[in-house]
There are 2 protein chains.
Amino acid sequence: MVGTCDERCRLLKMPADHAIAEFGVSHLVLYDDQTFPGYCLLILREHATELFHLTPAFRTALLEDVCRAAEALQRVFRPTKVNYAVLGNQSPHLHWHLVPRRADDPAWPRPVWSHPHEKQVPPSARVRELVRAIRDALR
Amino acid sequence: MVGTCDERCRLLKMPADHAIAEFGVSHLVLYDDQTFPGYCLLILREHATELFHLTPAFRTALLEDVCRAAEALQRVFRPTKVNYAVLGNQSPHLHWHLVPRRADDPAWPRPVWSHPHEKQVPPSARVRELVRAIRDALR
């Protein structure tokens, strides 16, 4: 691993009820903004910032976590396409944006970041429903 | 592999002088729009659309190609952060956007897609220079 967590890593902290699953080297959480339903973050447990800083075995394990999560999102949301991104300009702690995209979503076919919008934080009952559906699909 | 190429795959075709390198399961090309210098596409040679459609061995090979390319971009452009994305809403043929990001670039720290702009296609001498620099860093 390279480096240690700092205050910017805390930007990735979602509310406790958004936690979905612990994977091999990462954990999966529902993103707070659900403008795009099923938008999740997959966050590396240890601190690192670039994929090429990880050992090949470690990044392979991370990619398997990513694929497991993406496949579950595919099952639940039946998206036209899953979008994956590792950005980290604001919080460099390695994390993946996993976004089920639909041809009727407000940004389609552009990337979600091309669509300025107010954050849509769902009520807790809806959060529970989404988290449960994704957990079920992971089994 | 899943599916075969169709006309949307051709959207990924960059001018011939943008070709940088052939890797294990993919090839690397300089993106035509160089608003963000060093922006490349890493394109899977075979047709597939989702990472989770690939076998674990195949996606591991793809990730190694990605890391080799990203590390070369790091050497050449000394970015603050490399951004990686697999979107594919317009051209679902599996490809990675690899973008060296700098704290003084026009979109920082937002994702590049949050910054509407005219395509900046560099003159061919500049393309040659960028391609050569990335090739040298891959050695």
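Because the structure is a prediction, the values reported are computed rather than measured.

## Considering the interface of chain B and chain A
Right, on to step 1. Opposite the 30 residues of chain B that make contact, chain A presents 30 residues.
Right, on to step 2. Secondary-structure elements contributing two or more residues to the side of chain B that touches chain A are α1 (56-77) and β4 (81-86) of chain B.
Right, on to step 3. Residue contributions to the side of chain B that touches chain A peak at nine residues, all from α1(B).
Right, on to step 4. Among the residues making up the side of chain B that touches chain A, the classes are represented as 17 nonpolar, six polar and seven charged.
Right, on to step 5. Where strand β4 (residues 81-86) of chain A and β4(B) come together, three bridges link them in antiparallel fashion. Looking at β4(B), one finds that A:Tyr84 is bridged to B:Val86.

## Focus on the environment of B:Leu87
Right, on to step 1. Mapped onto the elements, B:Leu87 comes out in the loop between β4 and β5 (95-101).
Right, on to step 2. For B:Leu87, a count of 22 C-beta atoms within 10 Å gives the class buried.
Right, on to step 3. Between the C-alpha atom of B:Leu87 and that of B:Pro109, which follows or precedes it by 22 residues, the distance is 19 Å.
Right, on to step 4. Non-local contacts of B:Leu87, meaning those with residues more than four positions away in its chain, are made with A:Asn83, A:Pro111 and B:His97.

## Here we look at the pairing of strand β3 (residues 40-44) of chain A
Residues and elements named next belong to chain A.
Right, on to step 1. Most of β3 sits inside the fold, with five of its five residues counted as buried.
Right, on to step 2. Where burial is concerned, the two faces of β3 agree: the one with Cys 40, Leu 42 and Leu 44 and the one with Leu 41 and Ile 43 are both buried.
Right, on to step 3. Across five bridges, the pairing between strand β2 (residues 26-30) and β3 is antiparallel. Directly across from Val 29, in β3, lies its bridge partner Leu 41.

## Here's the deal with the packing of helix α1 (residues 56-77) of chain A against helix α2 (residues 124-138) of chain A
All names here are of chain A.
Right, on to step 1. Contact geometry of α1 with α2 gives a least axis separation of 8 Å together with a crossing angle of 115°. The handedness of the crossing between α1 and α2 is right-handed. Packed against α1, whose contacting residues are Arg 68, Ala 72, Leu 73, Arg 75 and Val 76, the element α2 presents Ala 133, Ile 134, Ala 137 and Leu 138 at the interface.
Right, on to step 2. Class assignment of the residues belonging to the contact of α1 with α2 gives a composition of seven nonpolar, no polar and two charged.

## Topic: α1(B)
Right, on to step 1. The first and last C-alpha atoms of α1(B) sit 31 Å apart over 22 residues, in line with the 32 Å expected at 1.5 Å per residue.
Right, on to step 2. Elements in contact with the buried residues of α1(B): α1 of chain A together with β2 (26-30), β3 (40-44), β4, β5 and α2 (124-138) of chain B.
Right, on to step 3. Once α1(B) finishes, B:Arg78 follows within two positions and takes phi at roughly 45°, a positive value.

## Considering the sheet that holds strand β5 (residues 95-101) of chain A
Right, on to step 1. Read across the open sheet, the 10 strands follow the order β1(A)-β2(A)-β3(A)-β5(A)-β4(A)-β4(B)-β5(B)-β3(B)-β2(B)-β1(B); overall the sheet is antiparallel. Unpaired on one side and paired on the other, β1 (19-22) of chain A together with β1 (19-22) of chain B mark the two borders of the sheet. With direction set aside, neighbouring strand axes in the sheet form an average angle of 20°.
Right, on to step 2. Note: β1(A) against β2(A), three bridges, orientation antiparallel. Directly across from A:Glu22, in β2(A), lies its bridge partner A:His27.
Right, on to step 3. The sheet strands contacting α2(B) are β1 and β2 of chain B, and the helix crosses β1(B) at an angle near 20°.

## A short note on the relation of the copies chain B and chain A
Right, on to step 1. Between the two copies, chain B and chain A, the superposition gives an RMSD of 0.0 Å; the rotation angle is 180° and the shift along the axis is 0.0 Å. Accordingly, the operation relating the two chain copies is best matched by a two-fold axis.
Right, on to step 2. Both copies share a contact surface, since 100% of the interface residues of chain B are interface residues in chain A too.

Calculation rules
- Residues numbered from 1 in each chain as written.
- Chains lettered and ligands numbered in written order.
- Predicted model: local features only at pLDDT ≥ 70, side-chain atom pairs only at ≥ 80, totals over all residues.
- Contact = placed C-beta atoms within 7 Å.
- Helix = DSSP H or I, 4+ residues; strand = E, 2+ residues; numbered from the N terminus.
- Nonpolar A, V, L, I, M, F, W, Y, C, P; charged D, E, K, R; others polar.
- Pairing = 2+ DSSP bridges.
- Buried ≥ 20, exposed ≤ 12 C-beta atoms within 10 Å, placed from the backbone.
- Axes fitted to C-alpha atoms, helices over the stretch in contact; angles between N-to-C directions.
- Left-handed = near helix turned anticlockwise from the far one by under 90°.
- Expected span 1.5 Å × (residues − 1).
- Least-squares fit on C-alpha atoms with pLDDT ≥ 70 in both.

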